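Analysis of the macromolecular model
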Amino acid sequence: MTHIGIIGGSGLYEIEGLEGATWQEVETPWGAPSDAILTGTLEGVTLSFLPRHGRGHVHSPTDVPYRANIDALKRIGVTDVISVSACGSFREEMAPGHFVVVDQFIDRTVNREKSFFSAGCVAHVSMAHPTCPRLAEYCFEAAEAAGVTVHRGGTYLAMEGPQFSSLAESRMYRESWGADVIGMTNMPEAKLAREAELCYVTVAMVTDYDSWHPDHGAVDITQIVNILQGNAVKARDMLARLPALAGATRAPCPHGCDHALDFALLTAPDKRDPALVARLDAVAGRVLG
Ligand SMILES: CSC[C@H]1O[C@H](OP(=O)(O)O)[C@H](O)[C@@H]1O
Ligand SMILES: Nc1ncnc2[nH]cnc12
């Protein structure tokens, strides 16, 4: 059955309209998630919502407990994760207020735990196509139906933060690296979702032109917050339309997201660390047995 998990970024700390909604504390072997998780149903589809920075915006991009968040969503039965994230734009045509359904990432983060796997249970998953095209299509259609100007595809550069980029960095990411949008949180989140065999896609909501744009000057948090509020209203409308598009019955992912670990584990069964294997119960129980 479909169980949609929404990770709400800056400006999106709650969603309304879920039937039978309850906040649930979820414990994981990787520590506590960013906050409790709100679960309910919409049009017969189960939906769970986790505010990435916690209600009240407690966690900085570096401190977000990414592993606990992904484990917790997997543990409660989520099948498909939609990351709803604020971002800066490197493209004139991706203007503040627009949404971008991201399909590629450049990971420039340096200070985060990036894998569930390590010594005693080594695995290498593919990140060539880090987002799920099926889920991306649902998001694109839902955003269009909500009247949002939405772009299909784009490369998201994940920076460490919390400071914004210098002008030189902004120009390099845009001109030399070909990035389309920039944010601080979607890595290692996307990598961890892949390791956990979850379909994952990012809906990046543009708040600013970062610092490269000659007519817009340096990125400014006050302006970002103003745009964020309008984007959050549109995001709620988009999210409310997703269950009807996804449907309650779920066929296996045609792109193999839910089998990402089939050939990824390299550590021989007799060499595996039982303590680590135990921690991987939710994430990799399907292949670890
Ligand atoms: C509010 S500006 C910077 C902040 O917003 C984005 O957060 P999220 O991805 O959770 O929406 C960005 O990545 C920064 O963390
Ligand atoms: N310009 C920017 N850089 C990094 N993260 C952002 N989030 C929103 N705008 C951003």
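Rules used throughout
- Residues numbered from 1 in each chain as written.
- Chains lettered and ligands numbered in written order.
- Predicted model: local features only at pLDDT ≥ 70, side-chain atom pairs only at ≥ 80, totals over all residues.
- Heavy atoms only, no water.
- UniProt positions renumbered as here; feature names shortened; annotations may be inferred.
- 1 Å grid on protein atoms, 1.4 Å probe; cavity = no way out; pocket = protein on both sides within 12 Å on 5 of 7 lines; lining within 4 Å.
- Helix = DSSP H or I, 4+ residues; strand = E, 2+ residues; numbered from the N terminus.
- Core = buried A, V, L, I, M, F, W, Y, C linked by side-chain atoms within 4.5 Å.
- Buried < 20%, exposed > 50% of the residue type's maximum accessible area, 1.4 Å probe, protein only.
- Contact = heavy atoms within 4.5 Å.
- Patch = residues over 30% accessible without salt bridge, like charges linked within 9 Å, V, L, I, M, F, W, Y side chains within 5 Å.
- Areas by Shrake-Rupley, 256 points an atom, 1.4 Å probe, with all protein chains shown as cover.
- Salt bridge = Lys/Arg side-chain N within 4 Å of Asp/Glu carboxyl O.
- Phe/Tyr/Trp six-rings, centres within 6.5 Å; stacked < 30°, edge-to-face > 60°.
- Near = heavy atom within 4 Å.
- Polar contact = N/O pair within 3.5 Å; in protein donor to acceptor, adjacent residues only side chain to side chain.
- Sits in = over half its atoms within 2 Å of the grid points.
- Nonpolar A, V, L, I, M, F, W, Y, C, P; charged D, E, K, R; others polar.
- Points joined across faces, edges and corners; volume = space filled by probe spheres on them.

What follows concerns the UniProt feature "binding site: phosphate" (unreviewed entry) in the protein. With numbering aligned to this structure, UniProt lists the feature "binding site: phosphate" (unreviewed entry) at S10, R52, H53, S85, A86 and T185. In summary, the annotated positions, though distributed over 176 residues, converge in three dimensions, the widest C-alpha pair being only 12.1 Å. For the largest pocket, the lining residues drawn from the annotated set are S10, R52, H53, S85, A86 and T185. Assignment of secondary structure puts S85 in strand β5 (residues 80-89).

Attention now goes to the nonpolar core. In this structure, I70, F116, F117, V181 and L280 are the most contacted members of the largest nonpolar core, which totals 43 residues. For this core, the secondary-structure elements that each account for two or more residues are α1 (66-75), β5, β6 (99-102), β9 (155-158), α4 (186-195), β11 (199-208) and α7 (281-288). Take this core: its biggest share by element is 5 residues, from α1. If near-sequence neighbours (up to four positions away) are discounted, F116 is found in contact with W30, R67, I70, D71, L192, E195, A196, L276, L280 and V283. F49, F99, V101 and L239 belong to the second-largest nonpolar core, a separate cluster that totals 37 residues.

As a further point, take a nonpolar patch on the surface. Taken together, the side chains of F164, I221 and V225 define a hydrophobic patch exposed on the protein surface, amounting to about 240 Å² of accessible area. Mapped onto the secondary structure, V225 falls in helix α5 (residues 221-246). Taking relative accessible area as the criterion, V225 reaches 35% and is therefore assigned partly exposed.

If you walk through the whole model with that rule in mind, you get 5 aromatic pairs. Between F105 and Y156 the ring centres are 5.6 Å apart and the planes differ by 70°, which places this aromatic pair in the edge-to-face class. Separated by 51 residues along the polypeptide, F105 in strand β7 (residues 104-107) and Y156 in strand β9 bring together distant segments of the chain. Of the two residues examined, F105 and Y156, each falls in the buried class. Their ring planes at 85° and their centres at 5.8 Å tell us that Y209 and W212 sit as a pair that is edge-to-face.

For the rest of this paragraph, the subject is the site of ligand 1. Close to ligand 1 lie 13 residues, the nearest being S10, H53, A86, M184 and T185. Between ligand 1 and R52 there is a distance of 2.8 Å, counted from an oxygen atom to a side-chain nitrogen or oxygen. A86 places a polar main-chain atom, nitrogen or oxygen, 2.8 Å from an oxygen atom of ligand 1. Here ligand 1 has 390 Å² of accessible area as a free molecule, and 90% of this is covered by the chains. Using a 2 Å cut-off from the grid points, one finds that ligand 1 occupies the largest pocket. If you list the elements that add at least two residues to the shell around ligand 1, you get β5 and α5. In terms of residue class, the shell around ligand 1 is made up of 6 nonpolar, 6 polar and 1 charged.

Glancing now at the pattern of salt bridges. Note on pairing: side chains with opposite charge can pair once their charged atoms come close. Per the stated rule, a full pass over the model turns up 14 salt bridges. Residues E189 and R52 are paired through a salt bridge, measuring 2.8 Å at the closest nitrogen-oxygen approach. A residue pair is termed long-range when its members are at least 10 positions apart, and E189 in helix α4 and R52 in the loop between β4 (45-51) and α1 qualify at 137 residues. The exposure classification of E189 matches that of R52, with both residues buried. With a shortest N-O distance of 2.9 Å, D180 and R91 are connected by a salt bridge.

Its volume calculated, the largest pocket comes out at about 440 Å³. Forming the walls of the largest pocket are 26 residues, and the residues nearest its centre are S10, A86, F164, M184 and I224. Taken together, the elements giving at least two residues each to the lining of the largest pocket come down to β5, β10 (181-183), β11 and α5. Classifying every residue of the lining of the largest pocket by side-chain character gives 14 nonpolar, 9 polar and 3 charged. Volume-wise, the second largest pocket comes out at about 260 Å³. Around the second largest pocket, the lining comprises 15 residues; the ones closest to its centre are H129, T131, P133, R194 and H255. Residue composition of the lining of the second largest pocket, grouped by class: 7 nonpolar, 6 polar and 2 charged.

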